[in-house]
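Single-letter residue listing:
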Amino acid sequence: MASERALMMIADIGGYTEYMRTHRMSLAHAEVNTARLLEAVVDAAPGFELIEIEGDAAFLSRNADTLNGGGPVAAVTQAAAGMHRAFHVERRNVVTNLCPCDGCSQAEGLKLKFVAHIGEVASQRIKDRRKLVGIDVIHVHRMLKNPVDVPEYLLFSEELYGTGEDALPEVREVSQELEGIGPASGFFVEIEDVAGALPPPPEPSWPSRIGRTLDVAGRGLPYMLGLRRRRRVAAQ
C-alpha cells in the first residue's frame, strides 16, 4: 500500500438537504443538476485528482510534493477560487433553463464551501479506483461539521494553515471538536474575499435555454423511472 503526503480538500454543496426535499420530478432534476454542478467544480481544479463523489460533495487530493510554485495554502486557495466561479456559472445555467420545477428553479439557493487539510495518507486500488485511507483522510471529512457561520467559506486545518507561506485576507480562527480525533483549530476565509465578486452573467440565449431544458429532462428520466439510484454520502 503506497503512502504519500497529500493535500486534500472537499468541495461541499450547502443547502443540499432542503433542495432534495421535493416531489418526484423535481427530485430527478435536482439529482441531475447536482451532478452537473459537481462536474463543473471538479473540472475547474485540474491540478487535483477526484478521489470520490460523496453525495453532495467532491473529495479531491494531490501529492503535496508535486506543487509547481507557491505552497499548499496557495494551491488550495487558487483551486477553491476556480471551483467557486465554475459552480456559480453552472448554477446560473441551471436556474435559467425553462423548466419550472423546484429542482431547477430553487437551485439558486445552493452554495459551495470548502475544507482542506494536509497529512499522510495511504492509497490503494479497488477495481481500478484509487482510494485514500488514514487518520488524515478522516480528519478532513470531520472538518465539515464546524461552527463556521458564513454560507461560503474555505476552512484550513491548523496543519495546513501552519505551513504559513501565504498571507490571506480576513482570516478567522475557529475551534472544533473532531469526532474520534479531539479538539482542533481551523482558520477560514469567506470565498469572495479570495475569489472576488462574480461579474454579472451574460443573458443566456433562447437556444441555450431550450437546449439545457431538454438536457435536464432527458438526464432526469432514468431517476424518475427508478433506473438510476440517487448518490449516497460515503461514511467516514
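Rules used in this analysis
- Residues numbered from 1 in each chain as written.
- Predicted model: local features only at pLDDT ≥ 70, side-chain atom pairs only at ≥ 80, totals over all residues.
- Heavy atoms only, no water.
- Pairing = 2+ DSSP bridges.
- Helix = DSSP H or I, 4+ residues; strand = E, 2+ residues; numbered from the N terminus.
- Salt bridge = Lys/Arg side-chain N within 4 Å of Asp/Glu carboxyl O.
- Buried < 20%, exposed > 50% of the residue type's maximum accessible area, 1.4 Å probe, protein only.
- 1 Å grid on protein atoms, 1.4 Å probe; cavity = no way out; pocket = protein on both sides within 12 Å on 5 of 7 lines; lining within 4 Å.
- Points joined across faces, edges and corners; volume = space filled by probe spheres on them.
- Nonpolar A, V, L, I, M, F, W, Y, C, P; charged D, E, K, R; others polar.

Comments concerning the pairing of strand β7 (residues 172-178)
As a general feature of sheets, a regular strand has side chains that alternate between the two faces.
Next up, step 1: As paired strands, β7 and strand β8 (residues 182-190) are joined by 7 bridges and run antiparallel to one another. Bridging from a neighbouring strand, E177 pairs with P183 of β8.
Next up, step 2: Between β7 and β8, which pair antiparallel one after the other, the connecting turn spans 3 residues, and G180 there sits at a positive phi close to 80°.

So, the pattern of salt bridges
Next up, step 1: Counted under the stated rule, the structure contains 10 salt bridges.
Next up, step 2: The salt bridge involving R130 is made with E4; its shortest N-O contact spans 3.3 Å. Placement of the pair is R130 in strand β5 (residues 129-133) and E4 in strand β1 (residues 2-14), with a sequence separation of 126 residues. Each of the two residues, R130 as well as E4, counts as buried.
Next up, step 3: Taking the shortest distance from any N to any O, the salt bridge between R219 and E39 comes out at 3.5 Å. With R219 in helix α8 (residues 206-224) and E39 in helix α2 (residues 24-43), the pair connects residues that are 180 residues apart, well separated along the chain.
Next up, step 4: Residue classification places R219 among the partly exposed positions, given a relative accessible area of 30%.

What to know about empty space enclosed by the protein
Next up, step 1: Taken as a whole and assessed by the stated rule, the structure comprises 1 cavity of 30 Å³ or more.
Next up, step 2: Empty space within the largest cavity amounts to approximately 30 Å³.
Next up, step 3: Every residue along the wall of the largest cavity is listed here: H139, M143, F156, S157, Q176, L178, A184, S185 and G186.
Next up, step 4: A per-element tally of the lining of the largest cavity places β8 first, with 3 residues.
Next up, step 5: Here the lining of the largest cavity is built from residues that sort into 4 nonpolar, 5 polar and no charged.

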